[in-house]
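Each chain, letter by letter, is given below.
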Amino acid sequence: MATDIKDTARAVEAAALMELLPARPRMLALGEPTHGEDLLLETRNELFRQLVEEEGYRTIAVESDCLAGLLVDDHVTSGTGTLDEVMEHGFSHGFGASEANRELVRWMREYNEGRPTPERVRFAGFDGPLEITHAESPRQALTALHAFLAARVDAALLPCTAKTLDRLLGTDDRWTEPAAMTDPARSAGRSAEARELRLLADDLVSLFDEQAPLVHAAASREDLDRARLHARTATGLLRYHHWMADPAPARMNRLLGLRDRMMADNLLALADRGPVLVHAQNAHLQRERSSMRMWQGPVEWWSAGALVSARLGEEYAFVATAVGTIRHRGVDTPPPDSVEGLLYALAEDRCLVDAAGLAAVLVDRRPAHRESPWFGYAPLDPDHLAAIDGVVFLKDVSRRR
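- For the chain, an unreviewed UniProt entry supplies the name Erythromycin esterase and the organism Streptomyces mutabilis.

### Description of the overall build of the chain
Moving on, step 1. Counting its regular elements, the chain contains 15 helices and 12 strands.
Moving on, step 2. Taken over the C-alpha trace, the chain has a radius of gyration of 22 Å; the compact-globule value for 401 residues is 21 Å, and the two agree within 12%.
Moving on, step 3. A total of 401 residues make up the chain; the buried ones form 53% of that total.
Moving on, step 4. The long-range fraction of contacts in the chain, counting pairs at least 24 apart against all pairs at least 6 apart in sequence, stands at 77%.
Moving on, step 5. Averaged over its 46 positive side-chain charges, the chain has a centre that lies 2 Å from the centre of its 62 negative ones.

### Describing the nonpolar core
Moving on, step 1. One finds Leu28, Phe48, Met108 and Phe123 to be the most contacted residues of the largest nonpolar core, which totals 44 residues.
Moving on, step 2. For this core, the element with the highest residue contribution is helix 2 (residues 38-55), accounting for 6 residues.
Moving on, step 3. Once residues within four sequence positions are removed from consideration, Met108 is found in contact with Phe48, Ile60, Val76, Val121, Arg122 and Phe123.
Moving on, step 4. In terms of nonpolar packing, the next biggest core, distinct from the first, is built from 39 residues, Leu267, Ala280, Leu362 and Val391 among them.

### Focus: a negative patch on the surface
Moving on, step 1. A surface patch of negative charge is lined by Asp202, Asp203, Asp209 and Glu210.
Moving on, step 2. Judged by its relative accessible area of 52%, Glu210 falls in the exposed class.

### What about the side chain of His146?
Moving on, step 1. Mapped onto the fold, His146 is located in helix 6 (residues 139-150).
Moving on, step 2. Side-chain polar atoms of His146 contact the backbone oxygen of Cys160, separated by 2.8 Å.
Moving on, step 3. What His146 contacts, discounting residues up to four positions off in sequence, is Leu158, Cys160, Thr161, Ala162, Leu165 and Leu204.

### Concerning the pattern of salt bridges
Moving on, step 1. For the structure on display, the rule yields 29 salt bridges.
Moving on, step 2. Arg122 serves as the salt-bridge partner of Glu222, at 2.9 Å between the closest nitrogen and oxygen. Separated by 100 residues along the polypeptide, Glu222 in helix 10 (residues 221-244) and Arg122 in strand 4 (residues 122-127) bring together distant segments of the chain.
Moving on, step 3. Judged by relative accessible area, which is 30%, Glu222 ranks as partly exposed.
Moving on, step 4. The exposure class of Arg122 is buried, given its relative accessible area of 18%.

### Things to note about the sheet that holds strand 11 (residues 350-354)
Strand-to-strand pairing in sheets goes through backbone hydrogen bonds, with the strands running parallel or antiparallel.
Moving on, step 1. Pairing is mixed in the open sheet, where 8 strands are placed in the order 1-11-12-10-2-7-3-4. Each having just a single partner strand, strand 1 (9-10) and strand 4 make up the two edges of the open sheet.
Moving on, step 2. The pairing of strand 2 (residues 27-32) with strand 10 (residues 316-325) spans 4 bridges and is parallel. Among the inter-strand pairings, Ala29 is bridged to a residue of strand 10, identified as Phe318.

### Some details on unusual backbone geometry
Moving on, step 1. The backbone of His93 shows a phi angle near 60 degrees, a positive value even though the residue is not glycine.
Moving on, step 2. Here His93 lies in the loop between helix 4 (83-89) and helix 5 (99-112).
Moving on, step 3. Even without being a glycine, Arg366 presents a positive backbone phi close to 45 degrees.
Moving on, step 4. Counting through the fold element by element, Arg366 comes out in the loop between helix 15 (355-361) and strand 12 (390-396).
Moving on, step 5. Taking the relative accessible area as the measure of exposure, Arg366 reaches 71% and is therefore exposed.

### Notes on the pairing of strand 2
Moving on, step 1. Of all 6 residues in strand 2, 6 are buried; the element is thus mostly enclosed.
Moving on, step 2. Residues Met27, Ala29 and Gly31 of strand 2 are buried on one face, and the alternating residues Leu28, Leu30 and Glu32, pointing to the opposite face, are buried as well.
Moving on, step 3. Judged from the 6 bridges that link them, strand 2 and strand 7 (residues 276-281) form a sheet pairing that is parallel. From the neighbouring strand, Met27 faces strand 7, where its bridge partner is Val276.

### Comments concerning the side chain of Thr43
Moving on, step 1. Along the chain, Thr43 turns up in helix 2.
Moving on, step 2. Relative accessible area serves as the criterion here: at 5%, Thr43 is assigned to the buried category.
Moving on, step 3. With near-sequence residues (within four places) excluded, Thr43 lies in contact with Val12, Arg350, Val392 and Leu394.

### What to know about the domain arrangement of the chain
Moving on, step 1. Taken domain by domain, the chain comprises domain 1 (6-132 + 261-397) and domain 2 (135-260).
Moving on, step 2. With 33 residues of domain 1 in contact, the opposing surface of domain 2 contributes 24 residues.
Moving on, step 3. Between domain 1 and domain 2, roughly 2500 Å² of surface is buried when both sides are summed, and carbon and sulfur atoms account for 57% of that area.
Moving on, step 4. At the boundary of domain 1 with domain 2, the tally comes to 5 salt bridges.
Moving on, step 5. With a shortest N-O distance of 2.6 Å, Asp74 and Arg226 are connected by a salt bridge.
Moving on, step 6. Broken down by secondary-structure element, the contributors of at least two residues to the side of domain 1 that touches domain 2 are helix 3 (69-78), strand 4, strand 5 (130-131), helix 11 (251-270), strand 8 (290-294), strand 9 (297-301) and helix 13 (304-312).

Here is what the cut-offs are and how they apply
Residues numbered from 1 in each chain as written. Predicted model: local features only at pLDDT ≥ 70, side-chain atom pairs only at ≥ 80, totals over all residues. Heavy atoms only, no water. Helix = DSSP H or I, 4+ residues; strand = E, 2+ residues; numbered from the N terminus. Rg over C-alpha atoms; globule rule 2.2 N^0.38 Å. Buried < 20%, exposed > 50% of the residue type's maximum accessible area, 1.4 Å probe, protein only. Contact = heavy atoms within 4.5 Å. Lys, Arg positive; Asp, Glu negative; His and termini not counted. Charge placed at Lys NZ, Arg CZ, Asp CG, Glu CD. Core = buried A, V, L, I, M, F, W, Y, C linked by side-chain atoms within 4.5 Å. Patch = residues over 30% accessible without salt bridge, like charges linked within 9 Å, V, L, I, M, F, W, Y side chains within 5 Å. Areas by Shrake-Rupley, 256 points an atom, 1.4 Å probe, with all protein chains shown as cover. Salt bridge = Lys/Arg side-chain N within 4 Å of Asp/Glu carboxyl O. Polar contact = N/O pair within 3.5 Å; in protein donor to acceptor, adjacent residues only side chain to side chain. Pairing = 2+ DSSP bridges. Domains from an automatic or database assignment. Buried area = accessible area lost by both parts, 1.4 Å probe.

Next up, the structure:
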């Protein structure tokens, strides 16, 4: 058992990470405390390459639009589209501008060149087509599901025509109205058309399941997986828009929970592919209840990681990333009595820390909670150490040029 903090640290390598875990996970989640820092993504890329080459991993899932991510997967598996096109249209949240994300896509495409299909690496976005501040129209997902079924089942069984869907959906800007996030009355989510679309989406999903023998015989595994993704996304978006129109005080708690539920459903679907590396903000992957402060006050919800962990048990592993400084964001040397401050005193610029061992060493020291001077960075909560399998610590995160 470790008796000193330095005894809990080791090199940031896939083999060392696997030694920390109680069992080989189907889903290995690597969190980050902030978005937009390429040094964090470069560390992720290096770990993913090692996991692919040494541990048999074949899929990486990132916190990005699940439908846009299909463009990236098509590119890395079959060369569809150019790298520039994929980076522009295959990522949400501005992640396509990251040079580290670009390098990930480039490496995956090069790795797959000439390899048989079962050995190729795959890419997935697992977020919904939404962000805290807005949600996309359900058009793409709903019409794709309808088209999939219309090509394979008796037309008389379909609950509506494509023309009816188009009429009910209306213009996409009805759904993407920016003011709807802070003013529920501006949302289209509880209009008569939206209520009818929720029923039709439910009927289309039910028809997919009712006709499973026929549909499975007439479609490839890849087409079935995409149809299921479109089904989850269509129903999820319509549900999200419904609650965007809710004026109740718990509205934001519900919206954050719905977003992570969509993430969790996408991750559980990916788990059938074999071991998956997941990368997202720590708050979306942790086992403990997530929280944040918004304009109307504090909100809490269960993260995608907590939901997946409840289903997969020890087959889900969570490794948080913590940092010492992000000086270009105003995040300076951490307080010496915080977890980050204690790790900052180590000699290594980066290390992998045994979270259970660290918690044992600190059991009588009660580390302080670090406060963030920048809203975009969330420090590690010392009270969560017992629910974390490991911590990747980077001493100084510098701006990449």
